[in-house]
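# Descriptive structure summary
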Amino acid sequence: MQDEQQTDIQDEQQTDIQDEQQTEEEKQPTGEGKVIRFVILGIPYSIRPTEELTAEDIDILVAYVKQRIESFTQKGYDHTRVPVLAAFDIANELRDLQKFYELPINRAIDKLKFVLEPEPEE
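Attention in this report is confined to the structure presented alongside it. (Residues numbered from 1 in each chain as written. Predicted model: local features only at pLDDT ≥ 70, side-chain atom pairs only at ≥ 80, totals over all residues. Heavy atoms only, no water.)

## What to know about helix α2 (residues 55-74)
- With 20 residues, α2 should reach 28 Å at 1.5 Å per residue; the first-to-last C-alpha distance of 28 Å fits that figure.
- Within the span of α2, buried status applies to A55, I58, V62, R68, I69, F72 and T73. With its buried residues spanning 145 degrees around the axis, α2 presents them on a single face. Turned more than 90 degrees away from the buried face of α2, the exposed residues are E56, I60 and Q74.
- Check the buried side of α2 and you find it contacts β1 (36-40), β2 (43-47) and α3 (82-116).
- Backbone geometry just downstream of α2 places G76 in the positive-phi region, at approximately 90 degrees. (Helix = DSSP H or I, 4+ residues; strand = E, 2+ residues; numbered from the N terminus. Expected span 1.5 Å × (residues − 1). Buried < 20%, exposed > 50% of the residue type's maximum accessible area, 1.4 Å probe, protein only. Arc of directions from axis to C-beta. Contact = heavy atoms within 4.5 Å.)

Given below as structure tokens:
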């Protein structure tokens, strides 16, 4: 019984910490060059925008990763396994997209090579 109460108190403390971190996250400016702060699975992270990765890009990616993480936590997976499962899921999605787009592009390149090859001189 005492162990259950201690676990409940720890869960409440963790929730309070997460709420506090999320509040801090919302306070952070999202302008170019300013650090973007966010929390995933109770762990704070920060990323500085660059020319190639803007603050808006980071916000989109953070939302995407959080959604993937949440989908695995809702299924009841252990929090220590969730990041790896989400990473594999995202990597598989990338592989599928590469297959979908690269195959037609490679076929078009092969056709262009055939059409553009010079005719043999006689």
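## Comments concerning the side chain of R68
- By secondary structure assignment, the location of R68 is in helix α2.
- The exposure class assigned to R68 is buried, which follows from its relative accessible area of 11%.
- Of the polar contacts made by the side chain of R68, one reaches the side chain of Y64; its length is 2.8 Å. (Polar contact = N/O pair within 3.5 Å; in protein donor to acceptor, adjacent residues only side chain to side chain.)

## What to know about the pattern of salt bridges
- As enumerated under the stated definition, the model contains three salt bridges in all.
- Ionic pairing is found between R68 and E93, a salt bridge with its closest N-O pair at 2.1 Å. Here R68 is found in helix α2, whereas its partner E93 is found in helix α3, with 25 residues between them in sequence.
- By relative accessible area, E93 is classed as partly exposed at 30%.
- Residue D96 pairs with R95 through a salt bridge whose shortest N-O separation is 3.8 Å.
- Given a relative accessible area of 38%, D96 falls into the partly exposed group. (Salt bridge = Lys/Arg side-chain N within 4 Å of Asp/Glu carboxyl O.)

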